[in-house]
Structures are given as C-alpha cells and as structure tokens.
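# Geometric and topological summary
Listed below, chain by chain, are the residues.
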Amino acid sequence: MNETAWKGSREGWLSSAYEALVEGGVDAVKILPLAKKLNVSRTSFYWFFTDREQLLDALLANWKAKNTSGIQGRCEAYAETIAEAMLNIMDCWLDPQIFDSQFEFAVRSWALQSPEVAAQVLEADEARLSALAAMFIKFGFSDLDAEVRARTVYLVQIGYISMNTREDIALRMRRIPSYVQIYTGHAPQRREMERFASRHSFILEPERDAPAGIRGANKEV
C-alpha cells in the first residue's frame, strides 16, 4: 500500500482538524475521530505531530497566517483614496479566501476557555488594529483619529463575527457605501464601487437609479 494512503498527510490532518474546530469547537479536535474521518490509523497521526497540542498549535498558526495576514495585506493594497482603501479592507469581510470568518469565530470561542489562546487573540487584534491605523495615517489622518477609526472598523466587524450574524449578501453590499462614508468621512466614487463590485461578482445598479447602490445578483460583471 502507498505510504501516504495509510498514514494520510499533514495537510489532511490539519484540514480535518480545521473542520472539527469550526463545526464543534476545540473539544471536537481529537485524534481518534479525526483518524476515523480520514480513514487512517490513529498511530499515523504521530508521523506528523508529536501530540494533540502540536496539532492545535498548527491550527492557530494557520489562523494567524490566514486572517491576520489577510487584513494586513489589504491594508497595504494600492488605493488612490481612503475610500478605495476602505473598500480593499472590506474585501476581507466578503471573501473567505482572504479572511475566514468561521475560523475567526471558532478561535475566539476557543479563547474563552484558554488563557493561552486568548493571549494570541489579543496579539492578533493589536497587529490588525495597528495595520488599520497605519492605513489611515498614510492618508493624512492624525494618530488619534486613525486609532479611533481603526477601532471602529475592526470592532464592528468582530461584533458581526462574535454575534454569528447572518446577513444577506445583497443587503450588506448595498450598505457598504454608507459604511465607507462613516468610517472614512468620504463617500466612495462610482468607479471605486464598480471595481469593488466586480471583485465580488456583483453588478452596480444604474447610476440614475442608485448612484452607489448594488444589485444583489451574483453575476459576473
């Protein structure tokens, strides 16, 4: 039998652990159930990890690499205006390839029962807020104003996640121009909204009907 077939792979174990964490919380991340799901022997786990704690540490590393790096990357993305920069940030909330909200919810829930994980969440929060504040400063905001606006942007979204909010995507897209106006003090231009909508396979309403509105149809532009 091919060696990989009977012992699986590190990526496979991590993928199954991620699914267990998201679906059932950290207590669901156990070696034997994961082995059964992967259809491999329990002992094969030890080819890749010394123990369950190392698997959990790897999950946290993946969370930071995905979500913290996702926000930081969008903060540094090219933008001509602060409104466009904010739309770059909002890519995170609409694209799970950039920022995984389910992963975020699961890790924050885990942090409620683990001081060690809570410390890592706090560290991630500080890094993300710092990146957001730096983005505002780059566009001429004072340090204090940048800090407050960064906190407003971030804490609103973490509230969405922590409350496990399920909002219709079309409704949320229609609200985005107002969010940008509130967060930055500047309304997005039509061309900025068009680029943003295109990234998320939405089509803007005709300008004469709703200058910054979005039609909630998942269609390619």
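The residue numbers shown here count from 1 along each chain, following its written sequence. In keeping with the model being predicted, local features are shown solely for residues with a pLDDT of at least 70 and side-chain atom pairs are shown and tallied solely at 80 or more, while totals for entire chains, interfaces and linings include all residues. Remark: hydrogens and water are excluded; side-chain values derive from all non-hydrogen atoms of the structure.

For the rest of this paragraph, the subject is the packing of helix H4 (residues 52–75) against helix H6 (residues 101–111). A pair of packed helices can be characterised by two numbers: the angle between their axes and the separation between those axes. To get an axis, fit a line to the C-alpha atoms, keeping to the stretch in contact for a helix; angles then go from 0 to 180 degrees between the N-to-C directions. Strands here mean DSSP runs of E at least two residues long; helices mean DSSP runs of H or I at least four residues long; both are numbered from the N terminus. One way to put it is that H4 packs onto H6 with a least axis distance of 11 Å and a crossing angle of 130°. If you check the angle between H4 and H6, you find them oblique. Considering only the axes of H4 and H6, their crossing is left-handed. Across the interface between the two elements, Leu56, Leu59, Leu60, Asn62, Trp63 and Asn67 of H4 pack against Phe103, Glu104, Val107 and Trp110 of H6. Angles are sorted into four bins: roughly parallel if under 35 degrees, roughly antiparallel if over 145, roughly perpendicular if 65 to 115, and oblique for all others. Crossing handedness: left-handed means the near helix sits turned counterclockwise from the far one by under a right angle, and right-handed means the same turn made clockwise. Contacts are assigned to residue pairs that have any heavy atoms within 4.5 Å of one another.

Even without glycine at this site, Asn39 takes up a positive phi of about 60°. Taking relative accessible area as the criterion, Asn39 reaches 68% and is therefore assigned exposed. In this model, Ser201 sits at a positive phi of 60°, which is unusual for a non-glycine residue. Classification of residues uses two cut-offs on accessible area relative to the type maximum, computed with a 1.4 Å probe and protein chains only: under 20% is buried, over 50% is exposed, and between them is partly exposed.

What follows covers the pattern of salt bridges. The salt bridge criterion pairs a side-chain nitrogen of Lys or Arg with a carboxyl oxygen of Asp or Glu, the two atoms within 4 Å. Summed over all chains, the structure comprises 10 salt bridges. A salt bridge links Glu104 to Arg128; the nearest nitrogen and oxygen atoms lie 2.7 Å apart. With Glu104 in helix H6 and Arg128 in helix H7 (residues 115–138), the pair connects residues that are 24 residues apart, well separated along the chain. Arg128 matches Glu104 in its accessibility class, with the two residues each being buried. As a salt-bridge pair, Asp145 and Arg149 come within 3.1 Å of each other at their nearest N and O atoms. Linking Asp145 with Arg149, this pair stays in helix H8 (residues 143–162), spanning four residues, or about one helical turn.

Let's shift gears to the nonpolar core. In terms of nonpolar packing, the biggest core is built from 38 residues, with Met86, Ile89, Met90, Met135, Phe136, Ile176 and Phe196 touching the most fellow members. At the level of elements, H4, helix H5 (82–94), H7, H8, helix H9 (169–184) and helix H10 (190–199) are the ones that each hand at least two residues to this core. Looking at this core, the element that brings in the most residues is H5, giving 10 residues. Once residues within four sequence positions are removed from consideration, Phe136 is found in contact with Ile82, Met86, Phe141, Ala146, Arg149, Ala150, Val153, Tyr183 and Thr184. Val40, Phe45, Leu59 and Val121 belong to the second largest nonpolar core, which has 28 residues in total. Residue types Ala, Val, Leu, Ile, Met, Phe, Trp, Tyr and Cys, when buried and joined through side-chain atoms within 4.5 Å, form a set referred to as a nonpolar core.

So, on to the state of the cysteines. Think of a disulfide as a covalent bridge from one cysteine sulfur atom to another cysteine sulfur atom. Two cysteine sulfurs form a disulfide in these notes if their separation is within 2.5 Å. Here the structure, examined in full by the defined rule, presents zero disulfides. We note that Cys75 lacks a disulfide partner, and the nearest cysteine sulfur, in Cys92, lies 7.3 Å from it.

By the element assignment, Ile158 lies in helix H8. Given a relative accessible area of 10%, Ile158 falls into the buried group. For the pair Ile158 and Trp13, spaced 145 residues apart in the sequence, the C-alpha separation amounts to 28 Å. Here Ile158 is in contact with Glu104 and Arg108, once residues within four sequence places are set aside.

So, about the packing of aromatic side chains. Here the aromatic set is Phe, Tyr and Trp, taking the six-membered ring for Trp, and pairing holds for ring centres within 6.5 Å; pairs whose planes are under 30 degrees apart are stacked, those over 60 apart are edge-to-face, and all others are tilted. In this structure the tally under the stated criterion is seven aromatic pairs. An angle of 90° between the planes, with centres 5.3 Å apart, marks the rings of Trp93 and Phe99 as edge-to-face. What links up through ring pairs into an aromatic cluster is the set Trp13, Phe45, Tyr46 and Phe49. Sitting above the plane of the Tyr160 ring, Arg172 keeps its charged end 4.1 Å from the centroid. A ring has a charge above it when a Lys NZ or an Arg CZ is no more than 6 Å from the ring centre and no more than 35 degrees off the ring normal.

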